[in-house]
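Residue strings, one per chain:
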Amino acid sequence: MIGVAVVGAGHWGPHLVRNFNDHLSSQTLWVVDQAETRRKAIGERFPSVSLSPDIDDALGDDRVDAVVIATPTSTHNELVRRALEAKKHVLVEKPITNSLEEAVELCRLAESLDRVLMVGHVFLFNPAIVAAKEYIDAGDLGQVEYLSMTRTNLGPVRTDVNAAWDLASHDISIANYWLGTAPDAVSASGGSWLNQGVQDVVFATLRYPNGVVVHIEASWLNPRKRRLISVIGAERMLTVDDMDLNEPLRLYDKGVVGAEAEITDTFAGFRSQIREGQVLIPHVTTGEPLRTECEAFLARVRGGEGSLSDGWAGADVVSVLEAIDRSIANNGAQQEVETIK
Ligand SMILES: NC(=O)c1ccc[n+]([C@@H]2O[C@H](COP(=O)([O-])OP(=O)(O)OC[C@H]3O[C@@H](n4cnc5c(N)ncnc54)[C@H](O)[C@@H]3O)[C@@H](O)[C@H]2O)c1
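This is a predicted model, so every value here is computed, not measured.

1. Topic: the site of the ligand
Within the structure, the ligand sits among 23 residues, and Gly8, Gly10, His11, Trp12 and Glu93 are positioned closest to it. Here the residues of the shell around the ligand sort into nine nonpolar, nine polar and five charged.

2. A look at the sheet that holds strand 3 (residues 50–52)
On the basis of which strands lie adjacent, the open sheet formed by six strands has the order 3-2-1-4-5-6 and parallel pairing. Sheet topology places strand 3 and strand 6 (117–120) at the edges, where each strand pairs with a single neighbour. When the angles between neighbouring strand axes are averaged without regard to direction, this sheet yields 25°. Sheet topology places strand 1 (residues 2–7) next to strand 2 (residues 26–32); six bridges connect them, and they run parallel. Each residue of the ladder has a partner; that of Val7, found in strand 2, is Val32. Running at roughly 180° to strand 6, helix 9 (residues 289–301) makes contact with strand 1, strand 2, strand 4 (64–69), strand 5 (89–93) and strand 6 of the sheet.

3. As for helix 1 (residues 13–22)
Restricting attention to buried positions, one finds in helix 1 the residues Gly13, Leu16, Val17, Asn19 and Phe20. Against strand 1, strand 2, helix 2 (36–45), strand 4 and helix 9 lie the buried residues of helix 1.

4. Here's the deal with the sheet that holds strand 11 (residues 221–233)
Strands sit in the order 14-13-12-11-7-10-9-8-15 across an open sheet of nine strands; the sheet is mixed. Two strands in the sheet have a free side with no partner beyond their single neighbour: strand 14 (274–280) and strand 15 (335–336). Where strand 12 (residues 237–241) lies against strand 13 (residues 249–256), four bridges are found, and the strand directions are antiparallel. Bridge pairing in strand 13 places Met237 opposite Tyr252.

5. Quick word on helix 6 (residues 127–137)
Considered for burial, the residues of helix 6 that qualify are Ala128, Ile129, Ala132 and Ile136. Along the long axis of helix 6, the arc covered by the buried residues comes to 95°, so they all point the same way. Opposite its buried face, helix 6 presents the exposed residues Glu134 and Asp137, each directed more than 90 degrees away. Each element contacted by the buried residues of helix 6 is listed here: strand 7 (144–154), helix 7 (163–179), strand 11, strand 12 and strand 13. Immediately downstream of helix 6, the backbone of Gly139 shows phi near 80°, a positive value.

6. Structural notes on the domain arrangement of the protein chain
Entries for the protein chain in the domain assignment read domain 1 (2–122) and domain 2 (124–289 + 319–336). Each of domain 1 and domain 2 has a C-alpha centre, and these two points are 30 Å apart. Listed by partner, the interface residues are ten residues for domain 1 and 13 residues for domain 2. Here the residues of the side of domain 1 that touches domain 2 are counted per class, giving four nonpolar, five polar and one charged.

Thresholds, definitions, all that
- Residues numbered from 1 in each chain as written.
- Predicted model: local features only at pLDDT ≥ 70, side-chain atom pairs only at ≥ 80, totals over all residues.
- Near = placed C-beta within 6 Å.
- Nonpolar A, V, L, I, M, F, W, Y, C, P; charged D, E, K, R; others polar.
- Pairing = 2+ DSSP bridges.
- Helix = DSSP H or I, 4+ residues; strand = E, 2+ residues; numbered from the N terminus.
- Axes fitted to C-alpha atoms, helices over the stretch in contact; angles between N-to-C directions.
- Contact = placed C-beta atoms within 7 Å.
- Buried ≥ 20, exposed ≤ 12 C-beta atoms within 10 Å, placed from the backbone.
- Arc of directions from axis to C-beta.
- Domains from an automatic or database assignment.

Here it is as structure tokens:
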């Protein structure tokens, strides 16, 4: 049985408490939260769990093998460091930290102490995202040309990080996973209306090797909740709509043929340039991605291999986020993405 302490029981933490508590091979022993109201709520729902406002109480318990951190991003660096130094394995929510330098230091610390450091990039455990990766890798779309990624909603509004760090961190992790690499350069712009200096919306363009372009719209100030990704390949196209619980993935056997060949002023002539093939809606198994993520973490703690969503993958995401911030600060000028490791 793997003993788990969850630090941070706000909006997201209780889902982690539940998953580790329900799992046959783990038990949530401690929940740490500075807010008494949050500790009280957890105590009512999980009466067997010990509660504390101070992480040291959990770190001092020898039964605790792993610490799961779901506090605001600005607190991650210190809490992850303390947990690793106490020789605990760590699963930290995304993004790993709010600084690339700190992220790299944490990865090196985990390696030197032989501890697991994993980042909660939950979409890497989403069945539709995993199935899309299989289609991309099998060459079903042909050469990937560009990705369009939209992640909007009204709230939740954060103050310690902007909409890119909060929301686009998901899309960057997905794009890096699908394309098997990080981008070389980024340009971005954004706007702050709710809190000065904290962008509520960010439009980012990421340039990956081989000319692949990725555009991300991330906003917590939009009336429509949208989680939509389009992947445009030279031969086929694919969409993942995370709001569609039953049929999130679609493959389009569509394209434009001979776009340059003929100039025509008739509608029929225009349509003849569009190749309209079948739309395939593959069956995607449903299931809670967070549960799969927690299982992957437990497998790593038990000694299993795996680098999906490890600390270095989390640091790659932070490197892109820092480049986005630099570009916003420089009126959208393209910035190189720092390579790591
Ligand atoms: N993977 C996902 O889809 C997903 C979804 C939501 C949030 N998150 C991530 O989870 C993290 C938390 O987000 P949230 O929405 O739950 O935030 P939140 O503000 O609702 O909750 C954070 C909790 O941490 C507590 N806290 C803060 N500092 C602490 C400290 N030093 N020690 C103990 N407790 C402390 C607060 O009292 C609060 O209850 C963020 O990193 C966020 O990006 C991930």
